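Chain by chain, the residues run as shown.
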Amino acid sequence: MQNVQLIDHPLTKHSLTILRDKNTDTETFRRHTAIVSQIIIMEASRTCKLNVKQIETPVASMQGYEIYRSLIFVPVLRAGISMLVPARDFLPWTSVGFIGLERDEETAIAHEYYQKFPEHIEKKLIMVLDPMLATGGSVSDTIFRLKEKGAKRIAIACIVAAPEGIKRINKEHPDVKIYTTAIDDHLNDKKYIVPGLGDFGDRYFGT
Ligand code: PRP
Ligand code: URA
């Protein structure tokens, strides 16, 4: 496994344990999804460039910084929306691109039913948001579509990753870095992450 950064922090360990617990209710699940997502975004945005900005404090003038607006979030529908809201609370000016893919259960070929992107994606860092990287199929298909549309710098922010998903991304997209708060053990025969946290979308949206 390469190009993967495990974000190992007491706060993520605490929140992840709550997310994994099958007795956690929807409201608590949402709260801890937001905490973990913001910590991931904080780490994944470490490479963002800064513009120098001259400001006046109440006491003196000084040189400060502002983030160069060069980021686009792309949530993988549906569960990626859960990370988009806290990510944009952090970086409210960030543009958002949407790509809706549905996989044919038999052929596993992804059909695109929706797409809307901000301009100049070729110049921006695209952060793909998906809480679960299981087989890696959903994220990999999304990245192929983004590359077709000109994206050049892409990273993945996820909460739990399986080794199988990381290996697939490494193979199909060796240029893409993965940020995750957990690398779990394996996938079961239903392609769920073990130990994982179950179906993220269902638990987040209460379905
Ligand atoms: C989940 C999850 C990922 C995908 C991961 O979505 O949110 O997008 O599975 O699995 P993969 O790595 O094997 O592709 P799901 O298909 O359950 O849809 P949902 O977001 O609507 O819940
Ligand atoms: N999608 C989920 O929501 N959970 C898994 O464990 C795998 C895919």
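Residues numbered from 1 in each chain as written. Chains lettered and ligands numbered in written order. Predicted model: local features only at pLDDT ≥ 70, side-chain atom pairs only at ≥ 80, totals over all residues. Heavy atoms only, no water.

1. Structural notes on the layout of surface pockets
Its boundaries defined by the atoms lining it, the largest pocket holds a volume of some 1,000 Å³. Around the largest pocket, the lining is made up of 35 residues, and of these Asp 130, Met 132, Ala 134, Thr 135 and Ser 138 lie nearest the centre. Mapped onto the lining of the largest pocket, the elements with two or more residues apiece are strand S6 (98–103), strand S9 (132–133), helix H4 (137–148) and helix H6 (200–205). Here the residues of the lining of the largest pocket sort into 15 nonpolar, 9 polar and 11 charged. (1 Å grid on protein atoms, 1.4 Å probe; cavity = no way out; pocket = protein on both sides within 12 Å on 5 of 7 lines; lining within 4 Å. Points joined across faces, edges and corners; volume = space filled by probe spheres on them. Helix = DSSP H or I, 4+ residues; strand = E, 2+ residues; numbered from the N terminus. Nonpolar A, V, L, I, M, F, W, Y, C, P; charged D, E, K, R; others polar.)

2. Notes on the site of ligand 2
Every residue lining ligand 2 is accounted for by Met 132, Ala 134, Lys 191, Tyr 192, Ile 193, Gly 198, Asp 199 and Phe 200. Contact distances for ligand 2 include 2.8 Å between a nitrogen atom and a backbone N or O atom of Gly 198. In isolation ligand 2 exposes 240 Å². Once the protein is present, 80% of that is buried. Of the residues that constitute the shell around ligand 2, the class distribution is 5 nonpolar, 1 polar and 2 charged. (Near = heavy atom within 4 Å. Polar contact = N/O pair within 3.5 Å; in protein donor to acceptor, adjacent residues only side chain to side chain. Areas by Shrake-Rupley, 256 points an atom, 1.4 Å probe, with all protein chains shown as cover.)

3. Thoughts on the pairing of strand S12 (residues 177–180)
Where strand S1 (residues 4–6) and S12 come together, 3 bridges link them in parallel fashion. For Gln 5, the partnering residue across the bridge sits in S12 and is Tyr 179. Taken together, the 4 bridges between strand S10 (residues 153–158) and S12 define a ladder with parallel strand orientation. Directly across from Ala 155, in S12, lies its bridge partner Lys 177. (Pairing = 2+ DSSP bridges.)

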